[in-house]
Amino acid sequence: MEFTVDQIAQMLGGKVKGKGGDKINMLAKIQDAKPGQIAFLANPKYEHYIYSSHASAIIVKKDFLAKKEIDSTLIFVDDPYLSFTKLLEEYHKLISFQKTGIEQPSFIGENCSVGKNIYRGAFSYIGNNVKIGDNVKIYPHVFLGDNVIVADNVILHSNVKLYSDTKIGVNCVIHSGSVIGSDGFGFAPQQDGTYKAIPQMGNVVIEANVTIGANTVIDCATLYGDSTIIRQGVKLDNLIQIAHNVEIGKNTVIAAQTGISGSTLVGENCVIAGQVGVAGHLKIANNTSVGGQTGVSKSIKEEGQRLFGNIAMDIKEYFRSYALFKKLPDINYRLRDLERKVFNISNVEDEESD
Amino acid sequence: MEFTVDQIAQMLGGKVKGKGGDKINMLAKIQDAKPGQIAFLANPKYEHYIYSSHASAIIVKKDFLAKKEIDSTLIFVDDPYLSFTKLLEEYHKLISFQKTGIEQPSFIGENCSVGKNIYRGAFSYIGNNVKIGDNVKIYPHVFLGDNVIVADNVILHSNVKLYSDTKIGVNCVIHSGSVIGSDGFGFAPQQDGTYKAIPQMGNVVIEANVTIGANTVIDCATLYGDSTIIRQGVKLDNLIQIAHNVEIGKNTVIAAQTGISGSTLVGENCVIAGQVGVAGHLKIANNTSVGGQTGVSKSIKEEGQRLFGNIAMDIKEYFRSYALFKKLPDINYRLRDLERKVFNISNVEDEESD
Amino acid sequence: MEFTVDQIAQMLGGKVKGKGGDKINMLAKIQDAKPGQIAFLANPKYEHYIYSSHASAIIVKKDFLAKKEIDSTLIFVDDPYLSFTKLLEEYHKLISFQKTGIEQPSFIGENCSVGKNIYRGAFSYIGNNVKIGDNVKIYPHVFLGDNVIVADNVILHSNVKLYSDTKIGVNCVIHSGSVIGSDGFGFAPQQDGTYKAIPQMGNVVIEANVTIGANTVIDCATLYGDSTIIRQGVKLDNLIQIAHNVEIGKNTVIAAQTGISGSTLVGENCVIAGQVGVAGHLKIANNTSVGGQTGVSKSIKEEGQRLFGNIAMDIKEYFRSYALFKKLPDINYRLRDLERKVFNISNVEDEESD
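This is a predicted model, so every value here is computed, not measured.

## A look at the overall build of chain A
Item 1. If you tally the helices and strands in chain A, you get five helices and 40 strands.
Item 2. Its C-alpha atoms give chain A a radius of gyration of 29 Å, more than 25% over the compact-globule value 20 Å for 354 residues.
Item 3. In terms of principal-axis extent, the alpha carbons of chain A reach across some 105 × 70 × 30 Å.
Item 4. Counted over contacts in chain A with a minimum sequence separation of 6, partners at least 24 positions apart contribute 24%.

Structure follows, in structure tokens:
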């Protein structure tokens with residue numbers, strides 16, 4: 001990236017005070033910025049940094065009034081944080097989408113169709129009958145099984161593994177080591193104590209705008225024609241387990257190391273924290289919020305609840321009970337004290353009655 | 001797959017009513033099936049689907065009596081669900097074992113022996129002195145370290161990593177991203193606060209008929225000559241942690257994200273749910289059942305127990321205690337009420353005594 | 001490895017009684033050792049094994065007095081266990097560092113610098129502008145993104161993935177499948193219920209002497225110029241989640257499947273057990289010890305505490321409360337009994353007062 005301050009101001013719809021011709025090649029925090037870099041000031045409590053900053057340019061609010069002299073050129077905008085975020089995104093696009101073309105050696109099977117402007121890294125493997133859209137980035141060591149469909153603008157980081165028949169929607173990003181479409185964990189117990197694998201023949205469908213972290217696993221559905229489904233806009237963190245036949249509703253967010261057991265349907269716009277366990281064959285209502293390490297063993301029917309605890313309950317009630325859990329030794333002591341007192345009273349009564 | 005209805009009926013030992021010569025190329029659910037597909041009806045509550053199904057053939061119970069006209073050809077069998085499962089398995093074998101031969105580029109070291117009818121995918125890596133049996137499927141990006149032994153009929157999905165000296169028994173299936181034989185987590189604390197790695201020189205032995213999910217990790221044993229052992233018939237789900245020197249008894253089933261700490265011996269035919277943590281150096285009796293997210297910190301000596309809770313206890317007792325945990329605010333209130341009443345009574349008594 | 005007993009004794013500073021010229025090619029446990037192997041006796045309760053051992057040589061304490069005849073040659077040392085550990089380490093070095101050179105095909109980008117005596121396995125991928133020190137071992141299927149820096153003596157096992165800009169210090173070991181530098185889990189909620197990805201542009205810095213297990217994930221920091229930092233001497237087990245902008249203090253040890261949420265600072269010399277969850281934006285004091293499956297939701301300010309429980313508390317207090325949690329049905333029964341008695345007493349009083 002290299003732009004002049006004027007070019008950046010134009011992009012942001014801002015006004016320049018200072019040297020509009022200076023060149024900017026990097027973004028930085030106001031306290032760290034060096035010449036050639038641009039920073040921003042949004043929170044007034046960081047204002048003192050602006051007077052000693054070495055940034056070539058600093059984005060400030062349009063009504064900002066300097067109390068001392070400032071060396072840096074200023075760009076005045078409506079919302080400095082939003083403007084900086086916009087710059088960040090532009091910069092990120094510039095650096096993250098730079099690779100295109102095919103590195104060798106790479107492998108592609110028969111009867112595949114591949115879109116325009118794609119990157120296929122060295123040692124990437126594409127099976128038979130695979131369809132790949134435009135602007136797709138397939139990093140080194142990615143594996144696409146037979147019949148996989150990958151829509152436009154998808155990024156598959158190094159070592160993503162898509163089993164046969166997996167479908168990935170537009171704009172999805174999947175991070176390294178994630179496995180999509182592995183066999184569901186289905187075994188039929190036999191009379192001799194052994195287990196027989198139930199063939200897992202469905203697939204996984206990931207809709208548009210889904211992001212999946214690193215080393216997460218999503219199992220395929222059991223029956224042919226069925227799918228484990230991740231709806232559009234879902235955001236999954238790292239090391240998550242999604243079992244067979246699960247469906248995650250749109251725009252639901254799930255943090256790291258959480259596990260959703262087989263055939264459970266998670267609603268839309270839920271927020272599920274890390275290390276949560278959800279049992280199988282449940283239905284979780286839309287807008288449910290689940291705290292870290294919670295165990296959900298029953299369906300949640302009412303929307304908008306906030307859950308917590310080993311056996312999920314309302315989070316406020318959990319905290320009330322847990323506060324008393326901590327005081328159980330005291331409660332036990334008080335109870336013993338009462339038992340003694342009541343015993344004494346009864347004895348006195350008995351004696352009096354005698 | 002393409003068979004006539006007659007051929008399928010013969011395979012299942014069933015009787016055909018309708019067009020035995022029709023061709024079948026796919027299995028489907030009764031409500032979704034199209035011409036050219038076969039479905040089944042086992043549960044009477046789905047019977048209404050049979051009268052509008054587009055399936056070319058439907059497998060039904062031998063005593064099935066139609067209440068209306070049915071377009072599909074019927075195959076009468078003893079147990080429609082079992083028959084359908086049998087077809088599923090046959091179909092699964094047909095589609096999942098189709099690849100054989102060696103894709104290039106792939107890497108194989110010195111002094112290896114490789115059986116008949118195997119598949120070695122592109123970018124698979126085989127070290128030195130490796131022994132591979134017949135009918136083994138080694139998908140792309142698999143890594144086999146030196147001296148690894150893989151028995152007949154094993155399937156190693158893309159990116160399975162077997163460290164040196166690992167042994168895999170017949171008929172095992174290991175899913176993508178699983179790591180077998182990584183170093184055990186053993187460090188000796190030094191006087192300056194640092195830790196020194198204790199060399200981990202044992203290996204991992206996986207016996208016959210074991211299935212391992214995706215992104216699971218099994219560490220090697222510490223001492224040379226020792227093994228972390230997964231006994232025959234064990235089924236491990238995704239993202240499981242098996243530490244060094246652990247032994248999992250035969251036909252035990254462990255669900256996703258559970259962790260077994262070092263040197264613990266898990267018995268046979270146990271069923272361990274997801275996100276369970278088992279501490280180190282324990283012995284878990286045969287037929288133990290452990291609920292989700294349970295923490296097991298003591299050995300389980302009596303067979304057949306059902307455990308649950310942060311510090312594992314009998315599951316029924318846990319639920320009884322947890323029901324009261326939820327009521328702790330009420331218990332606390334009742335206790336305070338009693339304290340007040342007893343205080344009043346005592347005062348009355350004292351006054352009376354005065 | 002093949003040494004004479006005399007050579008080994010010299011290495012350990014020990015005295016030989018027996019055949020100093022015998023050749024040793026392997027280490028073993030005293031009860032398992034065969035001719036050609038060396039064992040040790042440290043714990044007196046294993047002494048009976050020494051009289052029937054087939055080991056060619058056995059390391060014993062300098063004041064060891066045999067009660068019966070011993071076939072094996074003895075090496076007398078100050079501390080048999082330490083001596084054996086020293087041998088183990090030497091042996092481990094010999095067998096684990098044997099590979100050097102470049103296997104083909106492998107990929108290396110432009111403008112890289114590579115040190116002396118390194119191993120680059122087949123199918124390993126090195127991006128542009130990468131710097132690699134001396135004696136580094138890069139196993140097959142490793143991925144190094146652009147601008148990665150790997151210092152001397154680092155071992156990257158098969159399939160380690162380092163995103164762009166990651167820095168790895170001297171003597172680090174990273175096991176298979178671990179992902180370093182994936183995007184932090186940062187999304188800004190939009191008014192229409194969708195989420196927009198916040199660009200994650202920082203990196204990960206791993207200092208010297210760090211060991212990382214298999215399939216662990218460490219996310220990069222959010223802002224350009226910021227780093228998620230793992231300080232020197234840290235030991236991380238398998239399947240751990242380290243979120244963006246976390247810092248782990250030096251010599252801290254974390255067991256498998258634990259997750260540390262974004263921006264949390266973990267102190268030095270902490271010991272964190274498995275499946276622990278630590279919430280975001282916390283500060284954990286030095287020397288904190290955290291028990292398995294604990295949920296830490298508040299900063300820990302006082303050093304040296306031992307924590308446990310769903311909502312972390314002092315471990316001894318937790319056990320006291322949990323013991324009473326198990327007795328809640330009994331506590332409830334006692335409470336009800338008291339309520340009845342007090343009710344009766346009150347009635348008597350009332351009657352007496354009447």
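## Brief notes about the sheet that holds strand E6 (residues 57-61) of chain B
Residues and elements named next belong to chain B.
Item 1. On the basis of which strands lie adjacent, the open sheet formed by five strands has the order E2-E7-E6-E5-E4 and mixed pairing. Since the sheet does not close on itself, it has two edges, and those belong to strand E2 (15-17) and strand E4 (26-27), each with one partner.
Item 2. Of the pairings in the sheet, the one linking strand E5 (residues 37-40) to E6 comprises three bridges and is parallel in character. In the sheet register, Ala39 faces E6, and the bridge partner there is Ile58.
Item 3. Contacts from helix H1 (residues 5-12) reach E2, E5, E6 and strand E7 (73-77) within the one sheet, and its direction differs from that of E7 by about 10 degrees.

## So, the relation of the copies chain C and chain B
Item 1. Mapping chain C onto chain B leaves a residual RMSD of 0.3 Å; the transformation is a rotation of 120 degrees accompanied by 0.1 Å of translation along its axis. This pairing of chains is accounted for by a three-fold axis.

## Notes on the pairing of E7 of chain B
Residues and elements named next belong to chain B.
Item 1. Counting buried positions over the five residues of E7 gives four, a clear majority of the element.
Item 2. Relative to E7, E2 runs antiparallel, the two sharing three bridges. Within the sheet, the bridge partner assigned to Val16 lies in E7 and is Ile75.
Item 3. Here E6 pairs with E7 via five bridges, running parallel. By the bridge assignment, Ala57 is partnered in E7 with Thr73.

## Topic: the interface of chain C and chain B
Item 1. Listed by partner, the interface residues are 51 residues for chain C and 49 residues for chain B.
Item 2. At the level of elements, helix H3 (80-96), helix H4 (315-326) and helix H5 (328-353) of chain C are the ones that each hand at least two residues to the side of chain C that touches chain B.
Item 3. No other element matches the ten residues that H5 of chain C contributes to the side of chain C that touches chain B.
Item 4. Taken together, the residues of the side of chain C that touches chain B sort by class into 20 nonpolar, 22 polar and nine charged.

## Some points on the interface of chain A and chain C
Item 1. Facing 51 residues of chain A, the contacting portion of chain C comprises 49 residues.
Item 2. For the side of chain A that touches chain C, the elements supplying multiple residues, two or more each, are helix H3 (80-96), helix H4 (315-326) and helix H5 (328-353) of chain A.
Item 3. The greatest single-element share of the side of chain A that touches chain C, amounting to ten residues, is contributed by H5 of chain A.
Item 4. By residue class, the composition of the side of chain A that touches chain C is 20 nonpolar, 22 polar and nine charged.

## As for the nonpolar core
Item 1. Ile58 and Ile75 of chain A together with Ile58 and Ile75 of chain B are the most contacted members of the largest nonpolar core, which totals 264 residues.
Item 2. With residues up to four places along the chain from it excluded, the contact list for Ile58 of chain B reads Ile30, Ala39, Phe40, Leu41, Ile50, Ser53, Ser72 and Leu74 of chain B.
Item 3. Of all hydrophobic cores here, the second largest spans 25 residues; its members include Ala9, Ala55, Val60 and Leu87 of chain C.

## A closer look at the environment of Val130 of chain A
Residues and elements named next belong to chain A.
Item 1. Positionally, Val130 belongs in the loop between strand E12 (125-126) and strand E13 (131-132).
Item 2. For Val130, a count of 23 C-beta atoms within 10 Å gives the class buried.
Item 3. Sequence separation between Val130 and Leu144 is 14 residues; the distance between their C-alpha atoms is 7.7 Å.
Item 4. For Val130, the residues in contact, after removing those within four places along its chain, are Gly109, Cys112, Leu144, Asn147 and Val148.

## Quick notes on the domain arrangement of chain A
Item 1. Taken domain by domain, chain A comprises domain 1 (3-96), domain 2 (160-311) and domain 3 (323-354).
Item 2. Taking the mean C-alpha position of each, domain 1 of chain A and domain 2 of chain A sit 42 Å from one another.

## A closer look at the sheet that holds strand E35 (residues 277-278) of chain A
Residue and element names in this part refer to chain A.
Item 1. The strand order across the open sheet built from ten strands is E9-E12-E15-E18-E21-E26-E29-E32-E35-E38, with neighbouring strands paired in parallel fashion. Only two strands of the sheet have a single neighbouring strand rather than two, namely strand E9 (107-108) and strand E38 (295-296).
Item 2. Bridge count for strand E21 (residues 179-182) against strand E26 (residues 217-219) is three bridges, and the pairing is parallel. Residue pairing in the sheet places Val179 in a bridge with Val217 of E26.

## Observations regarding the environment of Ile155 of chain C
All names here are of chain C.
Item 1. As for its position among the elements, Ile155 is in strand E17 (residues 155-156).
Item 2. Overall, the presence of 19 C-beta atoms within 10 Å leaves Ile155 in the partly exposed class.
Item 3. A sequence separation of 18 residues divides Ile155 from Lys137, and the C-alpha atoms of the two residues are 4.8 Å apart.
Item 4. Excluding residues within four positions of it along the chain, Ile155 makes contact with Lys137 and Val173.

## Some words on the confidence of the model for chain A
Item 1. In the predicted model, chain A carries a mean pLDDT of 93, and the fraction of residues at 70 or more is 97%.
Item 2. Taken over the whole predicted complex, pTM reads 0.88, whereas the ipTM for its chain interfaces reads 0.86.

## Here we look at H1 of chain B
Residues and elements named next belong to chain B.
Item 1. Of all the residues in H1, the buried ones are Val5, Ile8, Ala9 and Leu12. Burial along H1 is one-sided: seen end-on, the buried residues are contained in an arc of 100 degrees.
Item 2. A positive phi of about 65 degrees marks Gly13, the residue just after H1.

## Re unusual backbone geometry
Negative phi is the rule for most residues except glycine; trans is the rule for most peptide bonds.
Residue and element names in this part refer to chain A.
Item 1. The residue after Gln104, namely Pro105, is reached through a cis peptide bond having omega 0 degrees.
Item 2. For Pro105, the location among the structural elements is in the loop between strand E8 (101-102) and E9.
Item 3. In this structure, Asn251 takes a positive phi of about 60 degrees despite not being glycine.
Item 4. Within the fold, Asn251 resides in the loop between strand E30 (247-248) and strand E31 (253-254).

## Remarks on the environment of Leu236 of chain A
Residues and elements named next belong to chain A.
Item 1. Structurally, Leu236 can be placed in strand E28 (residues 235-236).
Item 2. The class for Leu236 is buried, based on 28 C-beta atoms found within 10 Å.
Item 3. Between the alpha carbons of Leu236 and Gly213 there is a distance of 6.0 Å; along the sequence they are 23 residues apart.

## Details of the pairing of strand E27 (residues 227-230) of chain B
Residue and element names in this part refer to chain B.
Item 1. Of the two faces of E27, the one carrying Ser227 and Ile229 and the one carrying Thr228 and Ile230 are both buried.
Item 2. As judged from the four bridges shared by strand E24 (residues 203-206) and E27, these two strands associate in the parallel manner. From the neighbouring strand, Ile206 faces E27, where its bridge partner is Ile230.
Item 3. Bridge count for E27 against strand E30 (residues 247-248) is two bridges, and the pairing is parallel. Residue pairing in the sheet places Ile229 in a bridge with Glu247 of E30.

Cut-offs used in this document
- Residues numbered from 1 in each chain as written.
- Chains lettered and ligands numbered in written order.
- Predicted model: local features only at pLDDT ≥ 70, side-chain atom pairs only at ≥ 80, totals over all residues.
- Helix = DSSP H or I, 4+ residues; strand = E, 2+ residues; numbered from the N terminus.
- Rg over C-alpha atoms; globule rule 2.2 N^0.38 Å.
- Contact = placed C-beta atoms within 7 Å.
- Pairing = 2+ DSSP bridges.
- Axes fitted to C-alpha atoms, helices over the stretch in contact; angles between N-to-C directions.
- Least-squares fit on C-alpha atoms with pLDDT ≥ 70 in both.
- Buried ≥ 20, exposed ≤ 12 C-beta atoms within 10 Å, placed from the backbone.
- Nonpolar A, V, L, I, M, F, W, Y, C, P; charged D, E, K, R; others polar.
- Core = buried A, V, L, I, M, F, W, Y, C linked by C-beta atoms within 7 Å.
- Domains from an automatic or database assignment.
- pLDDT = per-residue confidence, 0-100.
- Arc of directions from axis to C-beta.

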